[in-house]
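# A look at the structure
The chain contents come next:
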Amino acid sequence: MPLYPEIEPYAHGMLDVGDHNLVYWETCGNPEGKPAVVLHGGPGSGCGPYPRRLFDPAAYRIVLLDQRGSGRSTPHASNHETDMSVNTTAHVMADLELLRRHLGIERWLVWGVSWGSVLALRYAQTHPESVSELVLTAVATGSDAEVELLTRGLGRIFPEAHDRFLAQLPPAERDGNLAAAYNRLLESRDPAVRERAARAWTDWETAIIPAPPRSVARFENPAYRMGFARTVTHYWGNGHFLGDGDGVVLRDAHLLAGIPGTLVQGSLDFGNLLGIVWRLHRSWPGSELVTVGDAGHTTGTPGVAQALVAATDKYRK
């Protein structure tokens with residue numbers, strides 16, 4: 001099942017969401033089609049054109065946005081003066097509701113990848129009347145255990161890269177929440193300290209993909225690198241701003257009853273080490289789990305792409 005052809009937006013704009021933030025949005029496909037919204041990862045990645053190709057453009061009205069501080073939204077997180085206190089899960093969910101009403105949409109299918117799956121799950125749990133279905137991939141739930149795995153636990157698999165990752169932190173900061181420690185560096189008044197921290201963070205991100213350090217082209221863009229590292233550590237260092245205690249997304253999975261959903265997960269995704277996606281599936285009545293062999297934390301492998309297209313095709317009517 002191939003990807004759908006490349007398409008361009010038929011409309012786009014900048015939505016004033018308050019707090020001096022403007023959020024970029026675009027719509028593609030059929031203006032009269034079934035609404036679907038794409039939630040990118042990171043947090044802080046911004047949305048690219050690839051997810052457009054996972055939807056039948058004749059059947060769907062595809063909405064994409066750059067979440068606060070990322071992509072084409074302003075102000076960008078790479079600017080040290082950008083106020084990150086107004087960039088939280090609650091703020092982004094409110095932005096989604098504002099955008100939905102702005103576009104005149106009653107309910108939409110919510111598609112999310114990685115952090116976008118965390119956001120999609122919590123949005124559906126707190127705004128079930130706005131969500132028709134969920135399609136999630138590289139699934140995460142934003143728990144402290146997941147952050148600990150990605151920042152410390154995987155050091156057992158990539159010890160050399162992890163030693164370099166720890167070495168950029170002051171010795172007193174090498175215990176506890178490493179994302180929070182890095183975020184303190186990324187909020188330093190010294191631009192050199194911020195740049196070293198952003199580079200070290202993204203080097204670790206590429207090491208655990210795994211890929212040779214500094215091989216990911218987007219991380220070679222200084223503004224992208226800084227904005228991404230600052231936003232990820234801001235969220236990971238603060239429990240993803242989910243509130244209501246650690247593990248709330250998995251705990252509240254029962255609230256998804258009545259919302260159909262498909263989980264597409266690579267068998268080699270390191271998040272699987274905690275069994276999160278299987279526990280979520282078991283706790284979510286009406287969910288479907290599709291496991292793709294020889295795939296990691298990505299949407300780009302053919303098997304994952306095929307499963308995602310199959311899921312959106314399933315829900316297009």
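Bear in mind the structure is a predicted one, so any value in this text is a computation, not a measurement.

Attention now moves to the overall build of the chain. Along the backbone of the chain there are 10 helices and eight strands. Compactness check: the chain gives a C-alpha radius of gyration of 19 Å against a globular reference of 20 Å for 317 residues, within 12% of the reference. For the C-alpha atoms alone, the extent of the chain along its principal axes is close to 55 × 40 × 40 Å. Considering the chain as a whole, with its 317 residues, one finds that 57% of them fall into the buried category. Considering only contacts in the chain between residues 6 or more positions apart, those separated by 24 or more positions represent 72%. Per element, the accessible surface of the chain, about 13,100 Å² overall, is 55% carbon and sulfur.

A few words now on the state of the cysteines. Scanning the entire structure with this criterion turns up zero disulfides. The cysteine C47 is free of any disulfide, with C28 supplying the nearest cysteine sulfur at 8.9 Å. With relative accessibility at 11%, the residue C47 sits in the buried group.

Pairing in this open sheet of eight strands is mixed, and the strands run β1-β2-β4-β3-β5-β6-β7-β8 from one edge to the other. This sheet does not close on itself; its edge strands, each paired only once, are β1 (11–18) and β8 (287–292). Each neighbouring strand pair of the sheet contributes to a mean axis angle of 20°, computed without reference to strand direction. With five bridges joining them, strand β3 (residues 34–39) and strand β4 (residues 60–65) adopt parallel strand pairing. Its bridge partner being in β4, A36 is matched across the sheet by I62. Of the strands in this sheet, β3, β5 (108–113) and β6 (131–137) are in contact with helix α2 (residues 115–126), which crosses β6 at around 155°.

Helix-helix packing: each pair is described by the crossing angle between the helix axes and the interaxial distance. Direction vectors running N to C along helix α5 (residues 178–186) and helix α6 (residues 191–207) enclose 145°, while the axes themselves pass 8 Å from each other. Here A179, Y182, L185 and L186 of α5 lie close against α6, whose contacting residues are V193, R194, A197, A198, A200 and W201. Split into classes, the residues belonging to the contact of α5 with α6 amount to nine nonpolar, no polar and one charged.

This paragraph deals with the nonpolar core. Counting 71 residues, the largest nonpolar core has W108, V110, L134 and W201 as the members making the most contacts within it. With near-sequence residues (within four places) excluded, L134 lies in contact with V110, A120, L121, A124, L256, I259, P260, G261, T262, W284 and Y315.

Turning our attention to the packing of aromatic side chains. Counted according to the given criterion, the structure contains 12 aromatic pairs. The interplanar angle of 10° and the centroid separation of 4.8 Å between the aromatic rings of F165 and Y182 together place this pair among those described as stacked. Of this pair, F165 sits in helix α4 (residues 159–167) while Y182 sits in helix α5; the two residues are 17 residues apart in sequence, bridging distant segments of the chain. Like F165, the residue Y182 is buried in the burial classification. Relative to F228, the ring of F219 lies with its centre 5.2 Å away and its plane at 50°, an arrangement referred to as tilted. A relative accessible area of 2% means that F219 is categorised as buried. Cation over ring: R218 sits above F228, and NZ or CZ is 5.6 Å from the ring centre.

Taken as a whole and judged by the stated rule, the model has 19 salt bridges. Put simply, D252 and R251 hold a salt bridge, and the shortest N to O gap is 3.1 Å. Residue class for D252 comes out buried when judged on its relative accessible area of 9%. A salt bridge links D313 to R316, with the nearest nitrogen and oxygen atoms 3.3 Å apart. Taken together, the shared-partner salt bridges in this structure form one network comprising E8, E26, R52, D66 and R72.

Attention shifts here to the side chain of S73. Locating S73 in the fold gives a position in the loop between β4 and α1 (89–102). Polar side-chain contacts of S73 include one of 2.6 Å to the backbone oxygen of D66. Leaving out residues up to four positions away in the same chain, S73 has contacts with M14, L22, V23, Y24, D66 and Q67.

Right, let's talk about unusual backbone geometry for a bit. The omega torsion of the bond from G42 to P43 falls at 0°, within 30 degrees of zero and hence cis. Structurally, P43 is set in the loop between β3 and β4. The backbone of S114 shows a phi angle near 55°, a positive value even though the residue is not glycine. With respect to the helices and strands, the residue S114 is situated in the loop between β5 and α2. When its relative accessible area of 18% is taken as the criterion, S114 is described as buried.

About the thresholds
Residues numbered from 1 in each chain as written. Predicted model: local features only at pLDDT ≥ 70, side-chain atom pairs only at ≥ 80, totals over all residues. Heavy atoms only, no water. Helix = DSSP H or I, 4+ residues; strand = E, 2+ residues; numbered from the N terminus. Rg over C-alpha atoms; globule rule 2.2 N^0.38 Å. Buried < 20%, exposed > 50% of the residue type's maximum accessible area, 1.4 Å probe, protein only. Contact = heavy atoms within 4.5 Å. Areas by Shrake-Rupley, 256 points an atom, 1.4 Å probe, with all protein chains shown as cover. Disulfide = S-S within 2.5 Å. Pairing = 2+ DSSP bridges. Axes fitted to C-alpha atoms, helices over the stretch in contact; angles between N-to-C directions. Nonpolar A, V, L, I, M, F, W, Y, C, P; charged D, E, K, R; others polar. Core = buried A, V, L, I, M, F, W, Y, C linked by side-chain atoms within 4.5 Å. Phe/Tyr/Trp six-rings, centres within 6.5 Å; stacked < 30°, edge-to-face > 60°. Lys NZ or Arg CZ within 6 Å of the ring centre and 35° of its normal. Salt bridge = Lys/Arg side-chain N within 4 Å of Asp/Glu carboxyl O. Polar contact = N/O pair within 3.5 Å; in protein donor to acceptor, adjacent residues only side chain to side chain.

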